[in-house]
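Reading the structure
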Number of protein chains: 4
Amino acid sequence: MKQLKTPLVVLNFKTYIEATGKNAVRLGEICSDVSRDAGITIIAVPQSSDIRPVVETGVPVFAQHIDGASAGSGTGHVLAEAVRDAGAIGTLINHSERRLTLAEIDAAIRAARRTDIATIVCSNNIATTKAAAALKPDFVAIEPPELIGTGIPVSTADPEIVSGAVDAALGIDPDVPVLCGAGISKGEDMTAALELGAKGVLLASGIVRAPDPKAALMDLVSEI
Amino acid sequence: MKQLKTPLVVLNFKTYIEATGKNAVRLGEICSDVSRDAGITIIAVPQSSDIRPVVETGVPVFAQHIDGASAGSGTGHVLAEAVRDAGAIGTLINHSERRLTLAEIDAAIRAARRTDIATIVCSNNIATTKAAAALKPDFVAIEPPELIGTGIPVSTADPEIVSGAVDAALGIDPDVPVLCGAGISKGEDMTAALELGAKGVLLASGIVRAPDPKAALMDLVSEI
Amino acid sequence: MKQLKTPLVVLNFKTYIEATGKNAVRLGEICSDVSRDAGITIIAVPQSSDIRPVVETGVPVFAQHIDGASAGSGTGHVLAEAVRDAGAIGTLINHSERRLTLAEIDAAIRAARRTDIATIVCSNNIATTKAAAALKPDFVAIEPPELIGTGIPVSTADPEIVSGAVDAALGIDPDVPVLCGAGISKGEDMTAALELGAKGVLLASGIVRAPDPKAALMDLVSEI
Amino acid sequence: MKQLKTPLVVLNFKTYIEATGKNAVRLGEICSDVSRDAGITIIAVPQSSDIRPVVETGVPVFAQHIDGASAGSGTGHVLAEAVRDAGAIGTLINHSERRLTLAEIDAAIRAARRTDIATIVCSNNIATTKAAAALKPDFVAIEPPELIGTGIPVSTADPEIVSGAVDAALGIDPDVPVLCGAGISKGEDMTAALELGAKGVLLASGIVRAPDPKAALMDLVSEI
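Residues numbered from 1 in each chain as written. Chains lettered and ligands numbered in written order. Predicted model: local features only at pLDDT ≥ 70, side-chain atom pairs only at ≥ 80, totals over all residues.

This part is about the interface of chain A and chain B. Counting residues at the interface gives 34 residues for chain A and 34 residues for chain B. Of all the secondary structure elements, the ones that give two or more residues to the side of chain A that touches chain B are helix H2 (51–55) and helix H3 (80–85) of chain A. Looking at the side of chain A that touches chain B element by element, the count peaks at 4 residues for H3 of chain A. Of the residues contributing to the side of chain A that touches chain B, the split by class is 10 nonpolar, 17 polar and 7 charged. (Contact = placed C-beta atoms within 7 Å. Helix = DSSP H or I, 4+ residues; strand = E, 2+ residues; numbered from the N terminus. Nonpolar A, V, L, I, M, F, W, Y, C, P; charged D, E, K, R; others polar.)

Quick look at the interface of chain A and chain D now. Each partner contributes residues to the interface: chain A has 18 residues there, and chain D has 18 residues. Elements represented by at least two residues in the side of chain A that touches chain D include exactly helix H4 (102–114) and helix H5 (126–134) of chain A. Here the side of chain A that touches chain D takes 6 residues from H5 of chain A, the largest share from any one element. Tallied by class, the residues present in the side of chain A that touches chain D amount to 10 nonpolar, 5 polar and 3 charged.

So, on to the relation of the copies chain A and chain D. Of the transformation placing chain A onto chain D, the axial shift is 0.0 Å and the rotation is 180°, giving an RMSD of 0.0 Å. Seen this way, the second copy is the image of the first under a two-fold rotation axis. Comparing interface residues between copies, 100% of those in chain A also lie at the interface in chain D; the contact surface is shared. (Least-squares fit on C-alpha atoms with pLDDT ≥ 70 in both.)

Between the two copies, chain A and chain B, the superposition gives an RMSD of 0.0 Å; the rotation angle is 180° and the shift along the axis is 0.0 Å. Mapped onto chain B, 100% of the interface residues of chain A are again interface residues, and the two copies thus contact each other with one and the same surface.

Quick look at the arrangement of the chains now. Between chain A and chain C there is no contact; the minimum C-alpha to C-alpha separation amounts to 15 Å. Without any contact between them, chain B and chain D keep their closest C-alpha atoms 15 Å apart.

Put simply, chain A has an average pLDDT of 94, and 99% of its residues get 70 or more. Reported for the predicted complex are a pTM of 0.96 and an ipTM of 0.95. (pLDDT = per-residue confidence, 0-100.)

For a regular strand, the rule is simple: side chains alternate between the two faces of the sheet. All names here are of chain A. Of the two faces of strand E6 (residues 139–142), both are covered, the one formed by Phe139 and Ala141 as well as the one formed by Val140 and Ile142. Each parallel crossover has a hand, and for strand E5 (residues 118–123) linked through H5 to E6 it is right-handed. As judged from the 3 bridges shared by E6 and strand E7 (residues 178–181), these two strands associate in the parallel manner. Across the sheet, residue Ile142 finds its bridge partner in E7, namely Cys180. (Buried ≥ 20, exposed ≤ 12 C-beta atoms within 10 Å, placed from the backbone. Right-handed = clockwise from strand over helix to strand, strands pointing away. Pairing = 2+ DSSP bridges.)

Encoded structure:
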């Protein structure tokens, strides 16, 4: 697995129409442009069926989800080998919109290791951040569910949860950096997150659904 | 939605390595070749991340699964619009390896209608075939779970379940044709299925993992 | 299975504290009293751990959920034999707060038949009412999810969905009566439901959380 | 919460007919008798609907599962308050037959703390044992899934996984003792488990389905 340079900006395309198909490609190009101009790692996280065309824009791509199972009888499941083959270099695991059992999270991390792709395990509070860190993913991303999609940035609304998660993960495994998400969209939110010890941000609607996603993304990375 | 000419051969790529990435493309080409030579509709059902390159082989492509939700906050879910945009013209729903709640099956069928793609709802016995038919999908595919992957063809091992499912669906809605699956791999299995009233077959390992998938597929359609 | 005299009033205790433990027993007694006075069948639907003491009040009791599996390795699951042994004479299946896959609904109905207990399968719209009726449960209960817990009675807010569901079930199987739920709490809601062809009502918060549940229940059955 | 004296013997009744209804009560009496005679804590884990009558035998009782949600709209779910009110003093969480998402495990532990009942979180390997320990339950019980129900005792078949889990939990939180399960049924299995650092065992079929459960249970605790 190639080492990812922090701070990371991880842009989750979710299933937004504004980030599906041709729109996904356009957004991938924006990520690629802003990343090059700002010298910041920006990762695009499109739907599975859009991984290939988004990879072609040159932006590093993560899958939104993988299953832990090995190849075989997994109709409708997401095989680690398949997304890696499509060009993804990493994956979200256990996003709040795609929760997995503890055993499945562990299996998905192992599937990612098996295929040499990076992992960001999502958590919802400090306790589950610790548990996620104990599984040794490449990153844990804490997103308090009550702030997701609100536009209220976690880094200013609830700074203790960000610094608490950073400390908690550190206490379990010093090699597991923490990202934070929920409500992040502006440069000041990003700066606040980094000052609290986060190594990057996970964000979605604040950029994807912005009137001008490129301007929004440039603002996000402007203060770093 | 374009009308699909029956009998249908629906080839589920599952998450077999033999049907992932480059192998998926190769298998799509085989489907495309055999379909053209034999004059039989063969549908390829690859993983989401392989839909685009398989579509390029010219074979009609179905997704393995879609979620019923509309566009938005659906990280890790499969949006009907996304697979349609990738080139899929239909989808499996409720495969035995990706079971959905009754409400989700109904929602997925509505999502497919909204995006004008065809639906094959999978069922496991005569009762659930009736229930599935009541939701008015384009096809119901009955697969007795105890025969899946065994190589024992449902059409000879349990012919009553195939004819029973055909009659049951007919009793609910004469416009919902039945496919049958589980253990199908040879021309005689296919013929037996059609004689029992099925309008096609859903199959996977018998072709995907055959030593020579093209020969296996040619044998399958040889007696029609 | 003993035949249940319609119209039915089915009172879902959910996991309300007002209907847990001693409160469940008190509410069971109220159901029993009102049922006797009004000559109307009232069914209490407590949590599993409260089935036994509520049965002792003399009210007929249904479980909130059963699993379809047979006895064995089912830690944390609800065995049909266990709730029947505890005194339940029926069960809800596929409530909107405990959705099951289509195959599981079918299996749960079979488990109920095996143990000779009655079944009410919940549905969320007309299409899923048809599908549920095709599985031949003893009742289908339609509850439009957008009205659950609102206090807006489905029988007046959306009468077409009630009469549509009654007709739809009838079209599939004339022996499957329809109950309706969501927002029902007053005598006039009940009367409206019966006039639309429903054979009873499924209700919860309107009675359970009423300041005086006995008075609320008496009002509910006052116009029949 | 009352402190539980270790070593613990936790007997999971699952949904075995041999441990349902009257059989559950009889088995509870056996647990109670053997516990008193041997001076060992034996915990009975019956189905929800059997908690009350098993509690009356005098044996300490755990639930097989609780949900994390608070009281309210949880039809078919298991409220911590309900099982506590029925007399349970603890609960299994995340048994391999009732897996939960990471967020649900955390919520269930919080629900148990809220109601002052003890928690045993089940795990399937060393990594998930660490993660479970990070959530601070009262116990973690490791059960390698490949050995469950085989009669091959984990403590002799795979001693490293037991001692590894003990060390792993210790490394995360020295206050979280480890139980082990899978294949345990004899006194020598129990002794081996304790020598490897486990503070008790979780077992089921080896006792529940033994020709003479009382003799089997007496043998289990005979060497301590």
